[in-house]
Amino acid sequence: MIAQIRGRLIEKMPGHVLVDCNGLGYELDIPYTTFFHLPESGQEVTLFTHFSVREDAQNLYGFAARLDRDLFRLLIKVNGVGPKMALAILSGLDSQQFVRCVDNRDVASLVKIPGVGKKTAERLLIEMGDRLGKLEGMPQINADVPTLNTANQPDAHKPEDEAEAALISLGYKPQEAAKAVSRVAEAGMSSQEMIRLALKNMIPAG
């Protein structure tokens, strides 16, 4: 079991990172909530991890916070929720937002996440409601959403293009991604800020 990785951040892109640990390069799939908290390439990074082994693949998932990793593990135990959908959920909603969704039985916010239908959303609310109380470090319900670190901008020709590509990789249609970015984009804004604001507008905080 690989539970944590600490090393030099070699590459970061929306959805995945490459970390060098004593000469070994580990590629990890990550949610956007983790991507926003990454340091600059070349700096040291610590990620809490979940290692998945299947007959056809071995995947390593990374998270900036232990709570996010533990939430991911609970999500993939829900019937009909696999790792890809769990990453999409944690990309669209941070820990506090997800707690609010469960606490308020907010199906509407969950079904806005690509791949999450009404039946799956209802199942999530029921099953996660029973499990969240047992999760160590679960945040209290709070109307104030913490500000994400958006200072680091990945390499891109244009921040708007990077933001649109990121939303498309999450499952949004190109037209939806372009429209969402155009609504929030302002001069001097980084792609991370655009992604964060676009997701916030597309998926209500609750």
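See the structure printed just above.
Figured I'd write up the structure that's included with this text. (Residues numbered from 1 in each chain as written. Predicted model: local features only at pLDDT ≥ 70, side-chain atom pairs only at ≥ 80, totals over all residues. Heavy atoms only, no water.)

Here we take up helix 4 (residues 95-104). Most of helix 4 is tucked away, with eight of its ten residues classed as buried. Three or more residues of helix 4 are buried, namely Ser 95, Gln 96, Gln 97, Phe 98, Val 99, Arg 100, Cys 101 and Val 102. At the N-terminal end of helix 4, a side-chain oxygen is found 3.2 Å from the backbone nitrogen of Gln 96, two or three residues along, and the residue is Asp 94. Backbone geometry just after helix 4 places Arg 105 at a positive phi near 55°. (Buried < 20%, exposed > 50% of the residue type's maximum accessible area, 1.4 Å probe, protein only. Helix = DSSP H or I, 4+ residues; strand = E, 2+ residues; numbered from the N terminus. Polar contact = N/O pair within 3.5 Å; in protein donor to acceptor, adjacent residues only side chain to side chain.)

Turning our attention to the pattern of salt bridges. One pass over the structure, following the stated rule, counts four salt bridges. Salt-bridge contacts for Arg 8 lead to Asp 20; the nearest nitrogen and oxygen are separated by 3.6 Å. Taken as a pair, Arg 8 in strand 1 (residues 4-13) and Asp 20 in strand 2 (residues 16-21) lie far apart in primary sequence, twelve residues in all. (Salt bridge = Lys/Arg side-chain N within 4 Å of Asp/Glu carboxyl O.)

We now examine helix 6 (residues 118-131). Owing to its 3.6 residues per turn, the α-helix brings residues three or four apart onto one side. Here helix 6 spans 20 Å end to end across 14 residues, near enough to the 20 Å set by a 1.5 Å rise per residue. Along helix 6, the residues classified as buried are Thr 120, Ala 121, Leu 124, Leu 125 and Met 128. One face of helix 6 carries all of its buried residues, which in axial projection span an arc of 140°. Pointing more than 90 degrees away from the buried face of helix 6 are the exposed residues Lys 118, Lys 119, Ile 126 and Asp 130. (Expected span 1.5 Å × (residues − 1). Arc of directions from axis to C-beta.)

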